[in-house]
Amino acid sequence: LAYLPTPENLAELATQVVRGTVAKVEYTCLGYTPWTILSVSVEETLEGEIEPGRMIDVYVFGGYAPLRTVYERQDWAHGTGEITEEDLDTKVVYDTWEGSNTAEEGGEYVFYLVEPDEESDMPSDGYECLSGAFAQLEVESNGDLTGKDYSTGEAVTYTQEEIPLP
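Counting restarts for each chain: residues are numbered from 1 in the order of the written sequence. Thresholds applied to this predicted model are a pLDDT of at least 70 for local features of residues and 80 or more for the giving and counting of side-chain atom pairs; totals over whole chains, interfaces and linings are not thresholded and use all residues. Each side-chain value is derived from all of the structure's non-hydrogen atoms; neither hydrogens nor water enter the calculation.

**Comments concerning the overall build of the protein chain**
Here is step 1 of the chain: Comment: elements are numbered from the N terminus, with helices defined as DSSP H or I runs of at least four residues and strands as E runs of at least two. Counting secondary structure elements, the protein chain contains three helices and 10 strands.
Here is step 2 of the chain: Going from N to C terminus, the protein chain has its helices and strands arranged as α-β-β-β-β-α-α-β-β-β-β-β-β.
Here is step 3 of the chain: For the exposure calls, accessible area comes from a 1.4 Å probe over protein chains only, and a residue counts as buried if that area is under 20% of its type's maximum, exposed if over 50%, partly exposed in between. Buried positions account for 40% of the 166 residues belonging to the protein chain.
Here is step 4 of the chain: Considering only contacts in the protein chain between residues 6 or more positions apart, those separated by 24 or more positions represent 61%.
Here is step 5 of the chain: By element, 45% of the accessible surface of the protein chain is carried by carbon and sulfur atoms, the whole surface being about 9,300 Å². Throughout, a residue-residue contact means that at least one pair of heavy atoms, one from each residue, lies within 4.5 Å. Note on areas: Shrake-Rupley, 1.4 Å probe, and residue coverage restricted to the protein chains presented here.

Given below as structure tokens:
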């Protein structure tokens, strides 16, 4: 993304807002960037044109990355210290933004999404979640939605009527 999503501008940045259930969680690296790929069965479209019943791939920044990928991305000028070549080739690192949530298989969420831009390494049929903290709201059993406040990391709960929409 060429802009920083915030809770205040989330609704205006999202081109798609969907409610769906996570069927599968996978991890990948696109270039030097780790991503979590959520296969989501769309149950309701709150904004946009994704048809309910469709399975989509939602890319959330962060995930597991090979240690060598993280090392190369960081361009560690200070050296690797105790890290061996074997470590670089066999170990992984979990890399994400502070405060991001990890969606769980079987969980129901509302996702604020955008289509990948042309320069992205992301597949053109995937969707990028604007944030793993506040653009991924978990649907509670009573229908309320819970996310995290961007600045404090504290849980924030919305009713169905309160969620911001474009």
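The structure having been displayed, the exposition proceeds.
**Overview of the pattern of salt bridges**
Here is step 1 of the chain: Take a side-chain nitrogen of Lys or Arg and a carboxyl oxygen of Asp or Glu: if they are within 4 Å of each other, that pair is a salt bridge. Overall, the coordinates contain seven salt bridges when judged by the stated rule.
Here is step 2 of the chain: Where Arg19 meets Glu44, a salt bridge forms, and the shortest distance between an N and an O atom there is 3.0 Å. Of the two residues, Arg19 is situated in strand β1 (residues 16-30) and Glu44 in strand β2 (residues 33-47); the sequence distance between them amounts to 25 residues.

**Comments concerning the side chain of Asp87**
Here is step 1 of the chain: If you trace the backbone, Asp87 turns up in helix α3 (residues 85-90).
Here is step 2 of the chain: The class of Asp87 is buried, set by a relative accessible area of 17%.
Here is step 3 of the chain: Dropping the residues within four chain positions of it, Asp87 is found in contact with Leu67 and Glu82.

**Some remarks on the confidence of the model for the protein chain**
Here is step 1 of the chain: A score from 0 to 100, pLDDT tells how confident the predictor is in each residue. On average, residues of the protein chain score 82 in pLDDT, and 81% of them are at 70 or above.
Here is step 2 of the chain: Across the protein chain, element-level confidence peaks in strand β3 (residues 55-61) with a mean pLDDT of 94 and bottoms out in helix α2 (residues 67-74) with 75.

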